[in-house]
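Residues per chain, in single letters:
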Amino acid sequence: MSIRAVVWDVDDTLFDYTTADRAGMRAHLAAEGLLGAYDGVEQALAHWRAVTDSQWARFSAGEVSFEEQRRDRVRVFLDRALGDAEAEAWFERYLGHYEAAWALFPDVLPVLDALATSHRHAVLSNSSLHVQDRKLRVLGVHDRFEAILCAAELGVSKPEAGAFLAACEALDLPPHLVAYVGDHPEIDWRGAADAGLVSVWIDRTGAHAWADAPVGPHRIASLAELPAILGSDTRFGAPSTFR
């Protein structure tokens, strides 16, 4: 049976999160007068990403709420004992710079257009609905998806099978009729495959080794390759550069 629906990751799959985060944090640190504390912007960004990853892990484990992990990111990054209001205000100032740099990847709208009539579409993100719903609206693609599911509301995060199966349930389709497209080799690619979905890893930089790939998942360098994997009858698409 052919694939009936595509479930999408958002950050660094549809939305160029890495570029926006880098540009936003650079502008924010400059505005806050904090760049002098580091040997350069990249060192500051590396610290921010490490803090973000560690605090998100606490949220994923159920140790803190979504809002608490955001405030704790600020406290750990600044190494200060800030109150909730002060930490939240700092994060909101960062968000202003970050959101000014929001953009879709260039290959997103063409593939969504190409698959608009042949496949159903949904989103599954390890974020909150408050964040991703607004982001998709600002980026002009919210109406492309019939369901938007996020870890904060689901109570389960990728790579747990329950997150992927919740997306399939929202579409009322069995996993083998659903493809999942994401950028992370473990959280998205392996997680979706283990849950029984057709797993598609978008690896635009080709920086990851292919040697440890599990059997089954597809690896692509551009979303232009996706229609061929899905068996779409559209002429849009290109041969995979990784096969």
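Under the annotation held in an unreviewed UniProt entry, the protein chain carries the name HAD family hydrolase and is attributed to Streptomyces chromofuscus. Its UniProt record, at the heading Cofactor (unreviewed entry), says of the protein chain: "Mg(2+)".

K.L.:
What should I look at first to understand the packing of aromatic side chains in this one?
P.N.:
In the structure shown here, the tally under the stated rule is 18 aromatic pairs. Ring pairs connect the aromatic residues F15, Y17, Y38, W48, F77, W90, F91, Y94, Y98 and W102, which therefore count as one cluster. Lying across the ring of W189, R190 places its NZ or CZ 5.6 Å from the centre. Its end group placed over the ring of F105, R204 keeps NZ or CZ at 3.7 Å from the ring centre.

K.L.:
Just checking my understanding: could you explain the packing of helix α1 (residues 17-32) against helix α2 (residues 41-60) for this structure?
P.N.:
Pairs of packed helices are described in terms of their axes, by the angle between the two and the distance that separates them. Here α1 crosses α2 at 110°, and the two axes come no closer than 10 Å. With respect to each other, α1 and α2 are oriented roughly perpendicular. Between α1 and α2 lies a crossing of right-handed hand. Here D21, R22, M25, R26 and L29 of α1 come into contact with α2, specifically with V41, E42, A44, L45, W48 and R49. Across the contact of α1 with α2, the residue classes tally to six nonpolar, no polar and five charged.

K.L.:
What's the story with the domain arrangement of the protein chain in this structure? I'm lost.
P.N.:
Domain annotation for the protein chain reports domain 1 (5-16 + 103-231) and domain 2 (17-101). Centre-to-centre, using C-alpha coordinates, domain 1 lies 25 Å away from domain 2. With 13 residues of domain 1 in contact, the opposing surface of domain 2 contributes eleven residues. For the pairing of domain 1 and domain 2, the buried interface totals around 920 Å² over both sides, and the portion due to carbon and sulfur atoms is 49%. At the surface where domain 1 touches domain 2, the tally comes to one salt bridge. The partner of R134 in a salt bridge is E99, and the shortest N-O contact between them spans 2.9 Å. At the junction of domain 1 and domain 2, the tally comes to eight residue pairs in polar contact (both at pLDDT 80 or more). If you tally residues by element for the side of domain 1 that touches domain 2, the top one is helix α6 (residues 129-138), at three residues.

The rules behind each value
- Throughout this document, residue positions are counted from 1 along each chain, in the order its sequence is written.
- With pLDDT at 70 or above as the cut-off, local features in this predicted model cover only qualifying residues; side-chain atom pairs require 80 or more to be listed or tallied, and sums for whole chains, interfaces and linings still use all residues.
- The side-chain values count all of the structure's non-hydrogen atoms but skip hydrogen atoms and water molecules.
- UniProt positions are given in the numbering used here, feature names are shortened, and annotations may be inferred rather than shown by experiment.
- Geometry of aromatic contacts follows a simple scheme: Phe, Tyr and Trp rings, the Trp one being its six-membered ring, pair when their centres are within 6.5 Å, and the pair is stacked under 30 degrees between planes, edge-to-face over 60, tilted otherwise.
- Comment: the charge-over-ring label is applied if NZ (Lys) or CZ (Arg) is within 6 Å of the ring centre and within 35 degrees of the ring normal.
- Note on method: axes are straight lines fitted to C-alpha atoms, helices fitted across the in-contact stretch only, with angles between N-to-C directions ranging 0 to 180 degrees.
- A helix here means a DSSP run of H or I that spans at least four residues, while a strand means a run of E at least two residues long, and both kinds are numbered starting from the N terminus.
- These descriptions rest on fixed angle ranges, namely under 35 degrees for roughly parallel, over 145 for roughly antiparallel, 65 to 115 for roughly perpendicular, and the rest for oblique.
- A clockwise turn of the near helix away from the far one marks a right-handed crossing, whereas an anticlockwise turn of less than a right angle marks a left-handed crossing.
- Throughout, a residue-residue contact means that at least one pair of heavy atoms, one from each residue, lies within 4.5 Å.
- Just so you know the grouping, Ala, Val, Leu, Ile, Met, Phe, Trp, Tyr, Cys and Pro go in nonpolar, Asp, Glu, Lys and Arg go in charged, and all remaining residues, Gly too, go in polar.
- Marked domain ranges trace back to an automatic or database domain assignment.
- The term buried area means the drop in 1.4 Å probe accessible area that two parts suffer when joined, counted for both and summed.
- Criterion for a salt bridge: a side-chain nitrogen of Lys or Arg within 4 Å of a carboxyl oxygen of Asp or Glu.
- What qualifies as a polar contact is a pair of N or O atoms within 3.5 Å, subject to a donor-acceptor requirement within protein and to the restriction that residues adjacent in sequence count only when both atoms come from side chains.

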